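The chain contents come next:
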Amino acid sequence: MTPHGTRAGEDAEDLDVEEVLALVNNSNDLSGPAGRAETDSRRASGQPATSPPPDARHHATPWPEARATAGRAARATRRQPVSVPLEAALGLTLAAPLDALTDLPSFDTSAMDGWAVAGPAPWDVRDDGVLAGHPVHAPLTDGEAVRIATGARIPPDTTAVLRSEHGRTDEKGRLYATRDVVPGQDIRPRGQECRSGDQLLPVGALVTPAVLGLAAAAGYDTVTAVPRPRAEILVLGDELLTEGRPHDGLIRDALGPMLPPWLRALGAEVTAVRRVRDDAGALHQAITTSDADVVVTTGGTAAGPVDHVHPTLRRIGAELLVDGVKVRPGHPMLLARITETQHLVGLPGNPLAAVSGLLTLAEPLLRTLAARPAPEPYTLPTRDAVHGHPYDTRLVPVVLRGDQAVPLRYNGPAMLRGIAAADALAVVPPGGVRPGQEAELLDLPWASGGIGVCFT
């Protein structure tokens, strides 16, 4: 991902996370091809893009709008940058420019093993040598040479470095070159890569392993970055087992093992995973005592006898930002602002429906809180036809084969078999797609091979 620019002379203390977000991605709405596809589908059927769905009771938020709402909710939350040790900064977003604290290299160094030579050949070779990390060597005079290692400091008055494979000595120990010697060859001059004060990376750059190396080389022990959003997971349900096989109407909890590494892959710090029984009071206490930036709940978002999420949110005065999404699976997902600095993402209890909620609401919320840029949308033709919902978006697991997306079976709301084998999810607009028709794809965090793949 290419980071965007920054303002000259920006002080880290004066730059809050909201400003970082503006610099990272000024168009962080997530409408993209899916929104256009939904509009195109309605137009093709003769239905105005703004007309209501056939079911007048269906008041859920359109899928592209739900994703955009999650991003806007995060941008409205002011978070301050922090100073982070290099060993803890991988995957964070820079909140201050990375300016060189020294010239790089900070002195003239040898680019090769060989000899530092002065003047024309032949050269008398000194008995001692120059190694990396050793103090400056005595100056050379014309006709002198000294053995030198890669990375070692160049002795004063050196003309060039002669590579080991390009030199030979005679019976008297004098050194000759087997090819022409050009002044300055194989010497890395001081400041060749940068001068002290040069901007190496702007605000909004993602801290990759290479960025960590550059920061260390430039003299940094810490970087100023946007902190990871902290997420707490509340697994709801009396019917869930944590070990063994399903029995007697009890089922294994699939979301407890799946959600923590998935949220970490999205850039979050998972602070806790708590199991909450089907009790309104227990859920109220769990939500109101959490200090996480994002509380993620599983199940309980519909209107059944033990679905306590909506009543609890009303009880605490939360603001519902998204209450149901026109997407299958995962329709009863929700997003709420529970305090000025906290949000709650309510995932459906069915496993694939929960994955849909992760990619629809949790991903744009967490990514924007972390000030990461939005991924570039892309499309591929689907090899096979995919049936669509009459007026909802569908998310269907696919594998990528060459330049095509191949839909997978086992894509029901309660199934994980398809997503476990998938590379991505295809965004299928209302009405479906024909064989060979382009569909927007959402990469899974581990399939994209990006810096977000951090499960520990």
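Report follows, based on the coordinates. (Residues numbered from 1 in each chain as written. Predicted model: local features only at pLDDT ≥ 70, side-chain atom pairs only at ≥ 80, totals over all residues. Heavy atoms only, no water.)

**Quick notes on the sheet that holds strand 20 (residues 319-323)**
On the basis of which strands lie adjacent, the open sheet formed by six strands has the order 18-15-19-23-22-20 and mixed pairing. Strands at the two margins of the open sheet, each flanked by one partner only, are strand 18 (269-276) and strand 20. Each strand of the sheet is rotated relative to its neighbour by a mean of 20°, with strand direction disregarded. Judged from the five bridges that link them, strand 19 (residues 294-298) and strand 23 (residues 343-347) form a sheet pairing that is parallel. By the bridge assignment, Val294 is partnered in strand 23 with His343. (Pairing = 2+ DSSP bridges. Helix = DSSP H or I, 4+ residues; strand = E, 2+ residues; numbered from the N terminus. Axes fitted to C-alpha atoms, helices over the stretch in contact; angles between N-to-C directions.)

**Points about the environment of Val125**
Looking at the element boundaries, Val125 is found in strand 7 (residues 123-130). Excluding its chain neighbours within four sequence positions, the residues that come into contact with Val125 are Trp115, Ala145, Gly173 and Leu175. (Contact = heavy atoms within 4.5 Å.)

**What to know about the sheet that holds strand 6 (residues 114-117)**
Pairing in this open sheet of six strands is mixed, and the strands run 9-6-8-7-11-10 from one edge to the other. Bordering the open sheet on either side are strand 9 (160-163) and strand 10 (167-169), each of which pairs with just one other strand. Averaged over all pairs of adjacent strands, the angle between strand axes in this sheet comes to 40°, irrespective of strand direction.

**Focus on the layout of surface pockets**
Empty space among the atoms can be located by rolling a probe the size of a water molecule over them. Estimated volume of the second largest pocket: approximately 340 Å³. Leu236, Glu239, Leu240, Gly299 and Gly349 are, among the 20 residues lining the second largest pocket, the residues nearest its centre. For the lining of the second largest pocket, the elements supplying multiple residues, two or more each, are strand 15 (230-236) and strand 17 (251-252). Its residues assigned to classes, the lining of the second largest pocket comprises nine nonpolar, six polar and five charged. (1 Å grid on protein atoms, 1.4 Å probe; cavity = no way out; pocket = protein on both sides within 12 Å on 5 of 7 lines; lining within 4 Å. Points joined across faces, edges and corners; volume = space filled by probe spheres on them. Nonpolar A, V, L, I, M, F, W, Y, C, P; charged D, E, K, R; others polar.)

**Some words on the pattern of salt bridges**
Considering all chains together, one arrives at 17 salt bridges under this definition. Among the salt bridges present, the one from Glu363 reaches Arg367, with a minimum N-O distance of 2.9 Å. Here Glu363 and its partner Arg367 are both found in helix 8 (residues 351-369), four residues apart, which amounts to about one turn of the helix. For Glu363, a relative accessible area of 11% corresponds to the buried category. Where salt bridges share partners, they join Arg79, Arg230, Asp291 and Asp293 into one cluster. (Salt bridge = Lys/Arg side-chain N within 4 Å of Asp/Glu carboxyl O. Buried < 20%, exposed > 50% of the residue type's maximum accessible area, 1.4 Å probe, protein only.)

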